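Summary of structural features
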Amino acid sequence: MMGKALIITLFGFLAINQVMGRLLVTNVHMDSHPDYIKSTVQLKKVNGHVLVSGEGYVMQDIDSDITVSGNIAVLNNGRYEPILRIEPLSFCKFINGKRKSPILKLIWKMVSKFGRLPQSCPVRKGHYFINDFELDEGLIPALAPAADYRVEVQAFVDEMGVQKQIHKVIAHASIIPEEEETDASSDSQE
C-alpha cells in the first residue's frame, strides 16, 4: 500500500509537468495508521539527481478494498491551489485488471523494478519497498510552468461503512527553469 500511494504521487508529478528545465523532488512525507502500515521515506541527492527510497510494513492483511484519492496543487501567492483532482481509484480493481489506466500501469511497472510492491489484492501483511527510484523526466508531458508543486495522496479502507484513512503521502517538487538549473546545481552540496 505504501508503494501504491507513492506511485500515485509520482503519477501526479507526471500529470502536471513537461519541463523546459528540471523536476526536483524536494520533500516527501508519509503518515500512516499504525494498525495498518508503518512506513518511512528518504530522499538522497546523487550527482545532482534526487533518488527516492521508501519502505512500508503492512501490519495486517488488508482484505477490504483500498481506495486511493488525492490532488495536485501549485504554489500561488504563498498558498497551494489545487489544479487537478485524483479521482478515487479502487486499488484492487486496478491491480486485478478490472480498471484500466494505461499511464498508471506504465508507472507501476517502472517503479516496481526498483523494489517490492504489492502485486495482488487483497494486500497481504509484509514488507514492501522501493530503493533509489528516480523519476524519468522523459515521461513528463509538455509545458508545465516552472513552479512549486504539491501532490497529496490518501489511501482509505472501508470499516463498517466508514472510510478510514490508513496512509497519506505529501510530496513537494519544483520545476526549475534551465537558466536557474545551472545556478542551483553549482550551489548544492552532495
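**What about the overall build of the protein chain?**
Within the protein chain one finds 4 helices and 9 strands. Looking at the protein chain as a whole, 46% of its 190 residues are labelled buried. When contacts within the protein chain are restricted to residue pairs at least 6 apart in sequence, long-range pairs at least 24 apart make up 68% of them. Approximately 9900 Å² of the protein chain is accessible, and the part contributed by carbon and sulfur atoms is 50%.

**Notes on the sheet that holds strand S7 (residues 126-133)**
As summarised here, the arrangement of the 4 strands in space is S2-S3-S7-S6, forming an open sheet in which the pairing is antiparallel. For this open sheet the edge positions go to strand S2 (37-46) and strand S6 (115-116), each flanked by a neighbour on one side alone. Examined bridge by bridge, S2 and strand S3 (residues 49-58) share 10 bridges and lie antiparallel to one another. Across the sheet, the residue bridging to valine 41 is glycine 54, located in S3.

**Description of the state of the cysteines**
Tallying each qualifying case throughout the model produces 1 disulfide. Between the sulfur atoms of cysteine 92 and its disulfide partner cysteine 121 the distance amounts to 1.7 Å. Pair noted here: cysteine 92 is in helix H2 (residues 91-95) and cysteine 121 is in the loop between S6 and S7, with a separation of 29 residues, a long-range link. Accessibility assignment for this pair places cysteine 92 and cysteine 121 in one class, buried.

**Regarding the packing of aromatic side chains**
This structure, assessed with the given rule, holds 1 aromatic pair. Ring geometry for phenylalanine 114 versus phenylalanine 133: centroids 5.3 Å apart, planes at 90 degrees, classification edge-to-face. Of this pair, phenylalanine 114 sits in the loop between helix H3 (102-112) and S6 while phenylalanine 133 sits in strand S7; the two residues are 19 residues apart in sequence, bridging distant segments of the chain. Taking the relative accessible area as the measure of exposure, phenylalanine 133 reaches 1% and is therefore buried.

Quick notes on the rules
- Residues numbered from 1 in each chain as written.
- Predicted model: local features only at pLDDT ≥ 70, side-chain atom pairs only at ≥ 80, totals over all residues.
- Heavy atoms only, no water.
- Helix = DSSP H or I, 4+ residues; strand = E, 2+ residues; numbered from the N terminus.
- Buried < 20%, exposed > 50% of the residue type's maximum accessible area, 1.4 Å probe, protein only.
- Contact = heavy atoms within 4.5 Å.
- Areas by Shrake-Rupley, 256 points an atom, 1.4 Å probe, with all protein chains shown as cover.
- Pairing = 2+ DSSP bridges.
- Disulfide = S-S within 2.5 Å.
- Phe/Tyr/Trp six-rings, centres within 6.5 Å; stacked < 30°, edge-to-face > 60°.

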